[in-house]
Each structure stands twice: as C-alpha cells, then as structure tokens.
Amino acid sequence: MVLVSACLLGEACRYDGRSQRSERVLAALEGKSVVPICPEAGAGMGIPRPPVDLSGGTGVDVWAGRAQALTRETREDRTEAFREGARLALDAARRFEVPVALLKEKSPSCGSQRVYDTGVLRPGEGITTALLRADGRTVVSDEDL
C-alpha cells in the first residue's frame, strides 16, 4: 500500500485548481493499493488557493517553530493549516498502515528533496514529508520514478 499525492493521480486539487496527473506514477503504482492524499485540500484550504512558499527553512524547521508557510503575494501565515493537513496525512498513513508515500516534488507540503523558500527552489522537504519521515515512513519523490 502506498500513500500518494492525489494530484499525481489526476485529481484537480493543486493550488491552481489543476492536476499533475503522471503516467509514470500511474504505471509505477499498477497493481498496488493506494491511499490518495492532498494535505492542503484536506485541511480545507480550498481549490484553487493562493500559492504558498516556506519562509525561513524547510518542513523540519516549520515543525521546530523556525519557519512558516506564507502565501506568496500577501505573506498571509498558513502554517497551522499546513500542519493540520500534514497531521491528516499521517493519520491516514497510520490508519491504513502505509509505510511508503509517493509525493509531489517542490510542494510546500509534499516536496521530499526540494521546496520553495521565499520564491527560491532550495534543497529540503515539505511540511507533510517532514512529519511522515519523523514517524518512520519512507517518502519518495515523483521525480525519482
């Protein structure tokens, strides 16, 4: 069983109201049970919604209180909503005993190798990825397939 970013499965849940359907991801998941997640939509942030970047660090830094999730244009603090979405994703992983997540790279929630920090793509992980990894789950980027 695999936890998967719903946008990669074709769900139109991204911040811009689109999907990121990936035939490569769908092929890799063939024959596997999946648990689709969108931490941001799950936390009630709406579709579409303003784009958000991390500010001051990565998802690990957000959980440590050293960074925030801020909307790009107005710099509105969305940190607690992102944390709630991450908690919901972890709850799903625990409920369905899912050891592995395949998530969308560059997302402030789901990025596992690179995320946007104040408009600049930097090495690091998103808020949901950080929480899943802290719980002992393996997180893989869609770009690694």
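So, how was this worked out
Residues numbered from 1 in each chain as written. Predicted model: local features only at pLDDT ≥ 70, side-chain atom pairs only at ≥ 80, totals over all residues. Heavy atoms only, no water. Helix = DSSP H or I, 4+ residues; strand = E, 2+ residues; numbered from the N terminus. Expected span 1.5 Å × (residues − 1). Buried < 20%, exposed > 50% of the residue type's maximum accessible area, 1.4 Å probe, protein only. Polar contact = N/O pair within 3.5 Å; in protein donor to acceptor, adjacent residues only side chain to side chain. Contact = heavy atoms within 4.5 Å. Pairing = 2+ DSSP bridges. Axes fitted to C-alpha atoms, helices over the stretch in contact; angles between N-to-C directions. Phe/Tyr/Trp six-rings, centres within 6.5 Å; stacked < 30°, edge-to-face > 60°. Lys NZ or Arg CZ within 6 Å of the ring centre and 35° of its normal. Core = buried A, V, L, I, M, F, W, Y, C linked by side-chain atoms within 4.5 Å. Salt bridge = Lys/Arg side-chain N within 4 Å of Asp/Glu carboxyl O.

### Things to note about helix 4 (residues 79–95)
If you check helix 4, its first and last C-alpha atoms are 24 Å apart, about what 17 residues at 1.5 Å a residue would give, namely 24 Å. For helix 4, the full list of buried residues reads Thr79, Ala81, Phe82, Arg83, Gly85, Ala86, Ala89, Leu90, Ala92 and Ala93. In the stretch just after helix 4, Glu97 is the one whose phi turns positive, near 50°.

### Things to note about the side chain of Asp61
Along the polypeptide, Asp61 turns up in helix 3 (residues 59–63). The buried category is assigned to Asp61, whose relative accessible area is 16%. Within the structure, the side chain of Asp61 is placed 2.8 Å from the backbone nitrogen of Thr58, a separation counted as a polar contact. If we ignore the near neighbours within four places in the chain, the residues touching Asp61 are Gly56, Arg66 and Ala67.

### Some remarks on the sheet that holds strand 2 (residues 34–37)
Strand-to-strand pairing in sheets goes through backbone hydrogen bonds, with the strands running parallel or antiparallel. Spatial ordering of the open sheet is given by 2-1-5-8, a layout of four strands whose pairing is parallel. Of all strands in the sheet, those with a lone pairing partner are strand 2 and strand 8 (138–141), marking the two edges. Strand-to-strand, the axes of this sheet are offset by a mean angle of 25°, without reference to chain direction. Relative to strand 8, strand 5 (residues 100–103) is paired through four bridges, and the arrangement is parallel. Residue pairing for strand 8: Val100 is matched across the bridge by Thr138.

### So, the packing of aromatic side chains
Scanning the model with the defined rule gives zero aromatic pairs in all. In this arrangement the basic side chain of Arg72 is found over the ring face of Tyr116, its NZ or CZ atom lying 5.5 Å from the centre.

### Focus on unusual backbone geometry
Trans is the common state for peptide bonds, and a negative phi is the common state for residues other than glycine. For the peptide bond that leads from Ile47 to Pro48, omega is -10°, which places it in the cis range. Structurally, Pro48 can be placed in the loop between helix 2 (39–42) and strand 3 (52–55). Positive phi, close to 60°, is recorded for Arg75, a residue that is not glycine. Inspection of the secondary structure puts Arg75 in the loop between strand 4 (68–71) and helix 4.

### Section: the side chain of Ser109
Residue placement: Ser109 occurs in the loop between strand 5 and strand 6 (114–117). The exposure class assigned to Ser109 is buried, which follows from its relative accessible area of 1%. There is a polar contact of 2.9 Å between the side chain of Ser109 and the side chain of Glu40. Those residues in contact with Ser109, other than ones at most four positions away along the chain, are Pro39, Glu40, Phe82, Gly126, Ile127, Thr128 and Thr129.

### Focus: the nonpolar core
Membership of the largest hydrophobic core comes to 25 residues, with the highest contact counts inside it found for Leu3, Leu103, Ile127 and Leu132. Counting only elements with at least two residues in this core, the list comes to strand 2, strand 3, helix 4, strand 5 and helix 5 (127–134). If you tally residues by element for this core, the top one is helix 4, at seven residues. If near-sequence neighbours (up to four positions away) are discounted, Leu103 is found in contact with Leu3, Val4, Ser5, Leu8, Ile37, Cys110, Thr129, Leu132, Val139, Val140, Ser141 and Asp142.

### Concerning the pattern of salt bridges
Tallying each qualifying case throughout the model produces 17 salt bridges. The closest approach of N and O atoms between Arg14 and Asp16, which form a salt bridge, is 2.7 Å. In this structure, Asp117 and Arg122 form a salt bridge, with 3.8 Å as the shortest nitrogen-oxygen distance. A relative accessible area of 14% places Asp117 in the buried class. In the salt-bridge network here, residues are joined through shared partners; they are Glu80, Arg83, Glu84 and Arg87.

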